[in-house]
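Geometric and topological summary
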Amino acid sequence: MASSKKKIPRHVAVIMDGNGRWATSKGLSRSEGHRAGADAIDRLMDSSLSLGLEVVSLYAFSTENWKRPITEIRSIFNLLVEFIDSRLDKINARGIRILHSGSRKKLSSLVLSKIDHAAEITRKNRKLTVNFCLNYGSQEEILNAFSRLVEERKKKSISIQKPISTKELEKYLYTYPLPAVDLLIRTAGERRLSNFLLWQSAYAELFFTENLWPDFGDKDLREALDWFGRRTRKFGGLENG
């Protein structure tokens with residue numbers, strides 16, 4: 001059974017790892033693995049709604065993923081377009097808001113138009129926010145945020161020598177104004193953050209599972225939330241004050 005509502009994280013981030021390994025284990029192509037991974041996203045959205053989660057961020061495509069074979073990259077983006085086209089009406093009807101966090105550079109006009117359309121259609125929905133981190137890299141995000149902050153200070157004639165607060169910098173992150181990540185889940189047995197939401201996950205609880213992403217379901221999410229509910233979150237302080 002899931003944890004009490006008070007202990008459910010506001011923001012859950014997921015590194016969806018293992019599509020390729022899942023496909024290989026079944027004698028399927030990597031593209032078929034990514035398709036199965038898209039079905040797992042469907043299940044995650046359903047479970048997140050039923051459990052009352054507020055925000056779910058999904059590591060859909062990193063800035064480092066451009067190093068993969070061009071055929072696989074095309075397959076991933078074709079699947080993304082198909083995912084939006086086939087599921088947007090259902091997503092909107094269920095009160096889910098779609099967001100995109102990541103660089104718009106290198107993304108095709110078709111992919112950008114689909115993402116922007118999904119975000120616009122669902123912008124008033126508040127039952128659940130699903131944030132697709134697409135062409136996302138956290139180090140690049142932080143550098144970009146700092147550059148934008150400096151430019152904005154120049155425009156407003158504010159000295160760059162003035163100390164920068166965390167709240168000021170956060171306004172220029174891709175994810176602003178989403179809350180900080182409370183729980184970060186990574187599938188497929190890997191135990192690293194892979195340049196994902198580094199700033200936002202400064203005090204996140206990290207949950208690692210051996211399950212490959214296409215096999216991840218409601219039971220797995222509940223297990224992660226139960227584990228989170230048992231954690232003591234001190235944020236650098238002492239448990240008893």
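Everything quoted here is computed from the prediction, not taken from an experiment.

Glancing now at the environment of alanine 36. Mapped onto the secondary structure, alanine 36 falls in helix α2 (residues 30-51). Residue class for alanine 36 comes out buried when judged on its relative accessible area of 13%. Discounting chain neighbours no more than four positions away, the residues touching alanine 36 are Trp22 and Pro214.

Turning our attention to helix α3 (residues 70-93). If you check α3, its first and last C-alpha atoms are 35 Å apart, about what 24 residues at 1.5 Å a residue would give, namely 34 Å. The sharpest bend along α3 reaches about 55° and sits at arginine 87. Two residues or fewer past α3, glycine 95 is found with a positive phi of approximately 80°.

In this section: the pairing of strand β6 (residues 205-208). Residues in a regular strand project their side chains so that they alternate between the two faces of the sheet. Here β6 shows one buried face, formed by Glu205 and Phe207, and one open face, formed by Leu206 and Phe208. When strand β5 (residues 183-186) meets β6, the two strands line up parallel, connected through 4 bridges. Paired with arginine 186 across the strands is phenylalanine 208, a residue of β6.

With that settled, consider the confidence of the model for the protein. Of all residues in the protein, 95% attain a pLDDT of 70 or more, and the chain-wide mean is 95. Counting contacts from residues 1-5, a segment whose pLDDT is below 50, to residues more than four positions away or on other chains yields 8 contacts.

Scanning the model with the defined rule gives 10 aromatic pairs in all. Relative to phenylalanine 196, the ring of tyrosine 136 has its centre 5.9 Å away and its plane inclined at 85°; by these criteria the two rings are edge-to-face. Of the two residues, tyrosine 136 is situated in strand β4 (residues 128-136) and phenylalanine 196 in the loop between β5 and β6; the sequence distance between them amounts to 60 residues. Exposure class is identical for tyrosine 136 and phenylalanine 196. Each is buried. An aromatic cluster is defined as three or more aromatic residues linked by ring pairs; in this entry it consists of Tyr59, Tyr136, Tyr174 and Phe196.

Summarizing the sequence annotation, UniProt attributes the feature "active site" (unreviewed entry) to Asp17 and Asn65 in the numbering used throughout. Look at the named residues: they lie 49 residues apart in sequence, but the longest C-alpha span between them is just 12.4 Å, so in the fold they bunch up. Secondary-structure assignment places aspartate 17 in the loop between β1 (11-15) and α1 (19-25). What aspartate 17 contacts, discounting residues up to four positions off in sequence, is Arg186, Thr187, Ala188, Glu190, Leu212 and Trp213. Within the secondary structure, asparagine 65 is located in the loop between β2 (55-62) and α3.

Scoring rules and cut-offs
- Residues numbered from 1 in each chain as written.
- Predicted model: local features only at pLDDT ≥ 70, side-chain atom pairs only at ≥ 80, totals over all residues.
- Heavy atoms only, no water.
- Helix = DSSP H or I, 4+ residues; strand = E, 2+ residues; numbered from the N terminus.
- Buried < 20%, exposed > 50% of the residue type's maximum accessible area, 1.4 Å probe, protein only.
- Contact = heavy atoms within 4.5 Å.
- Expected span 1.5 Å × (residues − 1).
- Bend = angle between axes of the 7 residues up to and from the residue.
- Pairing = 2+ DSSP bridges.
- pLDDT = per-residue confidence, 0-100.
- Phe/Tyr/Trp six-rings, centres within 6.5 Å; stacked < 30°, edge-to-face > 60°.
- UniProt positions renumbered as here; feature names shortened; annotations may be inferred.

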